[in-house]
Amino acid sequence: MKKELAKAVLDAVSACPEFKEAAKNYLDSIGTDKENEAGKILVAEAEEDICSIDNTIEFMVTDLAKKIFGEELAKEKHEHAKEVKANGGKYCDCPGCTAAKAIIDNKKLF
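If you're wondering where the values come from, they're calculated on a predicted model, not measured in any experiment.

Caption draft 1: Layout of the nonpolar core. One finds Val-9, Phe-19, Tyr-26, Leu-42, Ile-103 and Phe-110 to be the most contacted residues of the largest nonpolar core, which totals 21 residues. Of all the elements in the fold, those that place two or more residues in this core are α1 (2–11), α2 (17–29), α3 (35–49) and α7 (95–105). Sequence-distant contacts of Phe-110, that is, excluding residues within four places in its chain, are made with Lys-2, Leu-5, Tyr-26, Asn-36, Gly-39, Leu-42, Val-43 and Ile-103.

What follows is the structure in structure tokens.
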């Protein structure tokens, strides 16, 4: 299961480069004496990178979000984030944050 969680980070388009690097380093360390430390680093990166739904809602109306996504897509993402919150979601549901949440929820494995 740990491999699948780390691979999900690598597959997530929205995961930042540092999170992807931590996932790659973890996968490369499996079966070595560096595995435990790499696992701790991966969990720490997940905890640092996960975005709350409130922060996502706030971000999607900024000029930076409009520059990154375009005005229409930023608006769609803003509306989607509000729906996620209305349905009880506490975190962004993009692939990067979903991977981070899965790692955090299973951090005892690392």
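Caption draft 2: The arrangement of the packing of aromatic side chains in detail. Tallying each qualifying case throughout the model produces one aromatic pair. The interplanar angle of 70 degrees and the centroid separation of 5.2 Å between the aromatic rings of Tyr-26 and Phe-110 together place this pair among those described as edge-to-face. Here Phe-110 lies in the segment after α7 and Tyr-26 lies in helix α2, a separation of 84 residues in the sequence. Phe-110 matches Tyr-26 in its accessibility class, with the two residues each being buried.

Caption draft 3: Focus on the state of the cysteines. Per the stated rule, a full pass over the model turns up zero disulfides. No disulfide involves Cys-51; its sulfur sits 5.4 Å from that of Cys-97, the nearest cysteine. Free of any disulfide, Cys-97 has its nearest cysteine sulfur in Cys-94, 3.8 Å distant. The class of Cys-97 is buried, set by a relative accessible area of 7%.

Caption draft 4: Structural detail: the side chain of Glu-35. Mapped onto the fold, Glu-35 is located in helix α3. With sequence-adjacent residues up to four places away left out, Glu-35 is seen in contact with Lys-2, Tyr-26, Ser-29 and Ile-30.

Caption draft 5: The arrangement of helix α6 (residues 71–86) in detail. Taking 1.5 Å per residue as the helical rise, α6 with its 16 residues ought to reach 22 Å, and the 23 Å between its terminal C-alpha atoms agrees with that figure. Buried within α6 are the following residues: Ala-74, His-78, Ala-81 and Val-84. One side of α6 holds all its buried residues, which, seen down the axis, span an arc of 120 degrees. Seen from the buried face of α6, the exposed residues on the opposite side, beyond 90 degrees, are Glu-72, Lys-75 and Ala-86. For α6, the elements touching its buried residues are α4 (53–59) and α5 (63–69). Within two residues after α6, Gly-88 carries a phi angle of roughly 95 degrees, on the positive side.

How each quantity is defined
- Residues numbered from 1 in each chain as written.
- Predicted model: local features only at pLDDT ≥ 70, side-chain atom pairs only at ≥ 80, totals over all residues.
- Heavy atoms only, no water.
- Core = buried A, V, L, I, M, F, W, Y, C linked by side-chain atoms within 4.5 Å.
- Buried < 20%, exposed > 50% of the residue type's maximum accessible area, 1.4 Å probe, protein only.
- Helix = DSSP H or I, 4+ residues; strand = E, 2+ residues; numbered from the N terminus.
- Contact = heavy atoms within 4.5 Å.
- Phe/Tyr/Trp six-rings, centres within 6.5 Å; stacked < 30°, edge-to-face > 60°.
- Disulfide = S-S within 2.5 Å.
- Expected span 1.5 Å × (residues − 1).
- Arc of directions from axis to C-beta.

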